Amino acid sequence: VLQRLRAHPDVSLSIVTGLSGHLFDWLQRGELDAAFMYDPPSAGTLAIEPLGTEELWLVGAACAPLPYDGTVPFSVLAGLPLVLPGSRHGLRRMLEASAQGKGTALDVRVEVDSHRVQLALVDTEKFYTVMPDMLAQFGYEPGRFRHWRVVDPTPRRDLVLAAAATAPASQVRR
C-alpha cells in the first residue's frame, strides 16, 4: 500500500479500524473505498480480493486455569465465560453455528465490539475470548495472555480486501 501511495503523491490515506460487520456497513454506505475484512457477506455489492486464511484461538489471562496445553477442543468453549463481538458480526455467527453443530451453546457473558476492550476484560481473569492469535499478541507484552489453538473443529476466517463493486477501481487500489 505504501509503495502505491508513493507513486500517487496527491492521494491521502485515512485508516479506520473496526470489526468486519462495521466495515461492511461503511462500505455499503460509501463511507469507505476499501477495507481489509473477514468473511464479508455475499451481498454481490463488493469486489473481493482473497488475501489468506487464519485460524481463531482461545485467549485467556496468563493465569487462566485451563488444563490444556497448546490446543483445546471446541466443545470446551461452551463451559467458559466468554466475551465476544455482538451477534451481527461474522466471528460471532461462525462460533455460534459451530457450537450448534456440536449440540451445545456458548456462554457469552459480555458482547463487545472492540478487540482492545475484549482483551482488557480477558485480562481481568474473569473471561475468555476467541480471536486470531496475532490480535491477542498485538500491543501487549509477551506472557500477558495464554493462547490455545481451538480444534475439532478449528474455526477459520478468510481475510479479503473488499471494495464497492460499483465503484471504479482507482490506480491506487489496483
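Residues numbered from 1 in each chain as written. Predicted model: local features only at pLDDT ≥ 70, side-chain atom pairs only at ≥ 80, totals over all residues. Heavy atoms only, no water.

This part takes up the nonpolar core. Ranked by internal contacts, the top residues of the largest apolar core, which has 19 residues, are L58 and Y128. For this core, the elements supplying multiple residues, two or more each, are β2 (46–61), β4 (81–84), α3 (90–101) and β7 (145–151). Examining the composition of this core, we find that 3 residues originate from one element, α3, more than from any other. In this structure, L58 is in contact with L66, V72, L80, L82, Y128, T129, V130, R146, H147, W148 and V150, ignoring residues within four places of it in sequence. (Core = buried A, V, L, I, M, F, W, Y, C linked by side-chain atoms within 4.5 Å. Buried < 20%, exposed > 50% of the residue type's maximum accessible area, 1.4 Å probe, protein only. Helix = DSSP H or I, 4+ residues; strand = E, 2+ residues; numbered from the N terminus. Contact = heavy atoms within 4.5 Å.)

This paragraph deals with the pairing of strand β8 (residues 156–164). Both strand β1 (residues 34–38) and β8 contribute to a ladder of 5 bridges, which runs antiparallel. The partner of A35 across the bridge, within β8, is A162. (Pairing = 2+ DSSP bridges.)

Right, let's talk about the confidence of the model for the chain for a bit. In this model, the chain carries a mean pLDDT of 85, and residues with pLDDT of at least 70 account for 90%. By mean pLDDT, helix α1 (residues 2–6) is the weakest element of the chain at 70, and β4 is the strongest at 98. (pLDDT = per-residue confidence, 0-100.)

Taken as a whole, this structure holds 1 aromatic pair when the rule is applied. With 6.2 Å between their ring centres and 55° between their planes, Y128 and W148 make a pair best called tilted. In this pair, Y128 is assigned in the loop between α4 (115–122) and β6 (129–132) and W148 in strand β7, connecting sequence segments 20 residues apart. Residue class for Y128 comes out buried when judged on its relative accessible area of 8%. The ring of Y38 has R157 sitting right over it, with the charged end atom 3.6 Å from the ring centre. (Phe/Tyr/Trp six-rings, centres within 6.5 Å; stacked < 30°, edge-to-face > 60°. Lys NZ or Arg CZ within 6 Å of the ring centre and 35° of its normal.)

So, on to the pairing of β4. Each regular strand displays side chains that alternate between the two surfaces of the sheet. Judged by which residues are buried, β4 turns out to be covered on both faces: P81 and V83 on one side and L82 and L84 on the other are all buried. Two elements, β4 and strand β5 (residues 107–111), share 4 bridges in a ladder whose sense is parallel. If you follow L84 over to β5, its bridge partner there is E111. Crossover β4 to β5 through α3 is right-handed. (Right-handed = clockwise from strand over helix to strand, strands pointing away.)

Here D152 and P153 are connected by a cis peptide whose omega angle stands at 0°. Structurally, P153 can be placed in the loop between β7 and β8. A positive phi is found at D152, a non-glycine position, where the angle reads about 60°. Overall, the relative accessible area of 53% leaves D152 in the exposed class.

With that settled, the discussion passes to the pattern of salt bridges. Two side chains with opposite charge may pair up if their charged atoms get near one another. Following the criterion strictly, the structure yields 10 salt bridges and no others. Through salt bridges with shared partners, one network takes in E55, R149 and R156. (Salt bridge = Lys/Arg side-chain N within 4 Å of Asp/Glu carboxyl O.)

Attention now moves to the side chain of T129. Position of T129 relative to the elements: it lies in strand β6. For T129, a relative accessible area of 0% puts it in the buried group. Here the side chain of T129 touches V83 through a polar contact of 2.7 Å, landing on its backbone oxygen. In contact with T129, other than residues within four places in its own chain, are W57, L58, V59, L82, V83, L84, Q118, L119 and V122. (Polar contact = N/O pair within 3.5 Å; in protein donor to acceptor, adjacent residues only side chain to side chain.)

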